[in-house]
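Chain residues, written in single-letter form:
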Amino acid sequence: MRIKIIKEDIIKAKGESLIIPLFEEKAKRPKFLKTIDSILDNTIGKIIKKGYFKGKLHEIYLLPTYGKIGSENIILVGLGKEKEFILQNIFQIVGTIGQYIKKTKFKNAILPVYNLSLPFLSKGELIRILSQEFVSAAYSFNKYKSEKEDNNIKEIIFINDTSREFSTLKKEINSGIVIGESSNFARDLSNAPPNEMTPLILAKEAKMMSKKYKINCRVLGPEQIKRMKMGAFYAVAKGSRNPARLIVIKYNGGKVNQKPIIIIGKGITFDSGGISIKPSKDMDKMKHDMSGASTVLGTLKGVSELKLPINLIGIVPSTENLPGGNAYKPGDILKTYSGKTIEVLNTDAEGRLILADALSYGEKLKPSLIIDFATLTGACVVALGYHASAVLGNKKELIDEIIQAGENSGERVWKMPLWKDYFTYIKSDVADIKNTGGGGGGTITAAAFLNNFINEKTSWAHIDIAGTAWVEDTRPYVPKGATGVGVKLMIQFILNRLKTK
Ligand code: BES
Ligand code: ZN
Ligand code: ZN
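Along each chain, residues carry numbers from 1 onward, in the same order as the chain's sequence is written. Both sets of labels track the order of writing: A upward for chains, 1 upward for ligands. In keeping with the model being predicted, local features are shown solely for residues with a pLDDT of at least 70 and side-chain atom pairs are shown and tallied solely at 80 or more, while totals for entire chains, interfaces and linings include all residues. By convention in this description, side-chain values take in all heavy atoms of the structure and omit both hydrogens and water.

Geometrically, a metal with four donors at the corners of a regular tetrahedron has ideal angles of 109.5 degrees, and one with six donors at the corners of a regular octahedron has ideal angles of 90 or 180 degrees. Only nitrogen, oxygen and sulfur atoms within 2.8 Å of the metal, or 3.2 Å for Na, K and Ca, are treated as donors, and water is left out, so sites may look incomplete. All of the protein donors around the zinc ion (ligand 2) are Asp-271 (OD), Asp-348 (O), Asp-348 (OD) and Glu-350 (OE); their distances to the metal are 2.0 to 2.2 Å. For a four-donor site, all angles between 85 and 135 degrees give tetrahedral; for four or six donors, opposite pairs above 155 degrees with the remaining angles between 65 and 115 give square planar or octahedral; all remaining cases count as irregular. Angles of 71 to 167 degrees at the metal separate the six donor atoms of the zinc ion (ligand 2), which places the site in the irregular class. Counting the intervening residues between successive donors of the zinc ion (ligand 2) yields the motif D-x76-D-x1-E. Relative accessible area decides the class of each residue, using a 1.4 Å probe on protein chains only: under 20% of the type maximum gives buried, over 50% gives exposed, and in between gives partly exposed. For Asp-348, a relative accessible area of 22% corresponds to the partly exposed category. According to the relative accessible area criterion, Glu-350 is buried, its value standing at 0%.

Structure follows, in structure tokens:
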């Protein structure tokens, strides 16, 4: 998708559709509306008067202009009430526009940005977010369709009344495109069917991406995983014939002595549950159980393309979880890379096992902080549904930073407690800990489990994306399938840090 910004008059701007966002309140509507409407014989005024368009959030009304202005059509878009307007609405509205344009098959859209402003964002940041969201909105997954319908919008034209600050704004547009594409890259990986997204293929994707951006990527196989004594990761991998992979990607954009940020992603390319097998209903969705991994790869792609001045390491333990003849079993006791032992009570709680070894491995690399992303628990979906990821961790400051980045990026995150009380549920009679909590609070006991593999001094946060990694039913602003969640959040987190530190 191309996005450009030009100095142009709204009446003259040429294209297939002109987007006019309008609040419900009449007083809050832009001045240019009157100018356009006088040329259109007051059509928009009549539409509003008749109540066909009220400006309600996500409302859309299309009208042709019959050559009276440069654009062939106008798309009125409702913003809701101005006093209820929050940043989150922007992410969804751009999505709604994108989905709508797919239906109309328009190839381009013009968006006036004359008086664009929000109290909590600069114009540049807003343009970056708009660009990012238009790239997201144009996403579709049709690789496996014989007849590919490409209804996606090809060009967004921002029009402004002055060319002042164009060099800054163009940079922001480019950043937006990079972030949007990185998120779409993560969606592609997560949407891929499990026969076409094995640990081996995921590692190949990581290698290809790393080569493109000239960053370091190391991939280890089962023998090395075994030799390194990653007993928990190795055990999960045993039930599958497709060999496991440990992927480690290093991006050095910061100072040589600057400690790296480490991001870790759960890379279960298919989760059948193993011997504790899942019910067949919705088991297909478990192709998305590597969404944490795709977040890590997408983030590394974005950060290296933007050449951000930080050091970042991505770690992805990847395997299938299958009930093969050699599969690990309930009752097994595993020895982890850290030396701690785990009693397996349920082989479907496999994510925390592979993460345990990945977290301890991350600790060895002397990080400034560790954040892990995982579709870890069904309990997270019960607690938060589909509109927030859960965050738990051992340092309040880090959690606050992540929540803030969530607000800024549209990928919202909600905190859950990680009090000592919850740690008692994962104590084992026969090993150091067990891999299920057994009772309620499944997201919390899972995080408590992970906490066992983190040094007290290390800042660490765990983000459970079980409810946000994919969308089951198409929403007006986002189609069904993988969301790429975490990529925009992580890049925003890094951008916020670069701004303040
Ligand atoms: N990958 C699943 C979690 C999941 C379920 C993510 C549904 C998204 C939607 C994970 O490996 C799992 O099965 N967890 C179990 C843990 C339990 C056995 C303690 C769960 O949540 O049921
Ligand atoms: Zn599972
Ligand atoms: Zn899983």
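Once that is clear, we can look at the site of ligand 1. Proximity is defined per residue: if any heavy atom of the residue lies within 4 Å of a molecule or strand, that residue is considered near it. Taken together, 16 residues sit near ligand 1, with Asp-271, Lys-278, Asp-348, Glu-350 and Gly-378 positioned nearest. Here a polar contact is taken to be a pair of N or O atoms separated by no more than 3.5 Å, where protein atoms must pair a possible hydrogen donor with a possible acceptor and residues adjacent in sequence count only if both atoms sit in side chains. Asp-289 places a polar side-chain atom, nitrogen or oxygen, 2.9 Å from a nitrogen atom of ligand 1. One of the backbone nitrogen or oxygen atoms of Leu-376 is found 3.5 Å away from a nitrogen atom of ligand 1. For ligand 1, the protein covers 79% of the area, taking 520 Å² as the surface of the free molecule. Working definition of accessibility: Shrake-Rupley area with a 1.4 Å probe, residue cover restricted to the visible protein chains.

Our focus in this paragraph is the coordination of the zinc ion (ligand 3). With distances of 2.0 to 2.4 Å, the protein atoms coordinating the zinc ion (ligand 3) are Lys-266 (NZ), Asp-271 (OD), Asp-289 (OD) and Glu-350 (OE). One way to put it: the six donor atoms around the zinc ion (ligand 3) meet at angles of 77 to 173 degrees, and that makes the site octahedral. We note that the donor set of the zinc ion (ligand 3) lies within a single chain, spaced as K-x4-D-x17-D-x60-E. Taking the relative accessible area as the measure of exposure, Asp-271 reaches 3% and is therefore buried.

Within strand β5 (residues 108–112), five of the five residues are buried, leaving the element largely enclosed by the surrounding structure. Secondary structure is summarised from DSSP: a helix means a run of H or I of at least four residues, a strand means a run of E of at least two, and numbering begins at the N terminus for each. Alternating positions in β5 separate into two faces, Asn-108, Ile-110 and Pro-112 on one and Ala-109 and Leu-111 on the other, with burial throughout. We call a crossover right-handed when, viewed with both strands directed away from the observer, the connection leading from the first strand over the helix to the second proceeds clockwise. Chirality of the crossover, the property in question, places the unit of β5, helix α4 (residues 123–137) and strand β6 (residues 155–160) among those that are right-handed.

Now for empty space enclosed by the protein. Buriedness for pockets is judged along seven lines, at least five of which must meet protein on both sides within 12 Å for an open set on the 1 Å grid over protein atoms alone, while cavities are sets there where a 1.4 Å probe fits but cannot get out, and lining residues have an atom within 4 Å of a point. Grid points are joined across faces, edges and corners, and a volume is the space filled by probe spheres set on the points. The final tally for this structure, using the stated rule, is one cavity of 30 Å³ or more. Considering only enclosed or pocket space, the largest cavity measures out at about 40 Å³ in volume. Taken together, Ala-186, Arg-187, Ser-190, Ser-291, Ser-294, Thr-295, Ala-469, Gly-484 and Val-485 form the lining of the largest cavity. The set of elements that each furnish at least two residues to the lining of the largest cavity consists of α5 (166–191) and α9 (291–305). Three categories are distinguished: nonpolar for Ala, Val, Leu, Ile, Met, Phe, Trp, Tyr, Cys and Pro, charged for Asp, Glu, Lys and Arg, and polar for the others, with Gly belonging to the last. Partitioned by chemical class, the residues of the lining of the largest cavity number three nonpolar, five polar and one charged.

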